[in-house]
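# Understanding the architecture of this molecule
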Amino acid sequence: PRPSRAPRTMSGKKETVLDLGKFIDKGVRVKLSGGREVTGTLKGFDQLLNLVLDECVESLRDPEDPLKISDKTRKLGLIVCRGTSVMVVSGLDGMEEIANPFTEGGEAVMDGPAE
């Protein structure tokens with residue numbers, strides 16, 4: 001028999017590490033493999049992490065720097081995110097962008113002995 005990797009409760013039932021039930025009908029941001037990011041209202045999910053998002057908006061990448069997300073967006077409406085491509089799911093409540101503490105005026109800050 002193959003050992004199960006999912007944690008088990010005292011009753012022996014499998015327990016998921018991620019409880020998405022608390023995000024139902026709330027705003028979430030989802031990062032997908034390949035670098036795409038979408039924001040929408042979580043309407044449903046399953047054990048394979050397939051997600052149903054409504055009123056979904058994709059944040060488009062900066063054409064100059066594909067690693068950066070631009071301010072441009074496009075509306076997608078109701079979508080299904082396949083679980084195999086979901087990398088990160090985070091709630092929108094209490095989320096805010098902060099300045100990068102490791103950069104100073106756009107230049108990386110290096111602490112250590114100067115040569």
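Residues numbered from 1 in each chain as written. Predicted model: local features only at pLDDT ≥ 70, side-chain atom pairs only at ≥ 80, totals over all residues. Heavy atoms only, no water.

### Comments concerning the nonpolar core
With 14 residues, the main nonpolar core has Val-30, Val-38, Leu-51, Leu-53 and Cys-81 as its most contacted residues. Elements with a minimum of two residues in this core: strand S1 (27-32), strand S2 (37-45), strand S3 (51-61), strand S4 (69-81) and strand S5 (86-91). Not counting residues up to four positions away in its chain, the partners in contact with Val-30 are Arg-36, Glu-37, Val-38, Leu-51, Leu-53, Val-86, Val-88 and Val-89. (Core = buried A, V, L, I, M, F, W, Y, C linked by side-chain atoms within 4.5 Å. Buried < 20%, exposed > 50% of the residue type's maximum accessible area, 1.4 Å probe, protein only. Helix = DSSP H or I, 4+ residues; strand = E, 2+ residues; numbered from the N terminus. Contact = heavy atoms within 4.5 Å.)

### Brief notes about the pairing of S3
Note: S2 against S3, 7 bridges, orientation antiparallel. Looking at the pairing, Phe-45 lines up with Leu-51 of S3. The turn joining S2 and S3, which pair antiparallel and follow one another in sequence, is formed by 5 residues; a positive phi near 70° is taken by Leu-49. Pairing between S3 and S4: 8 bridges, direction antiparallel. Residue pairing across strands places Arg-61 opposite Ile-69, the latter belonging to S4. (Pairing = 2+ DSSP bridges.)

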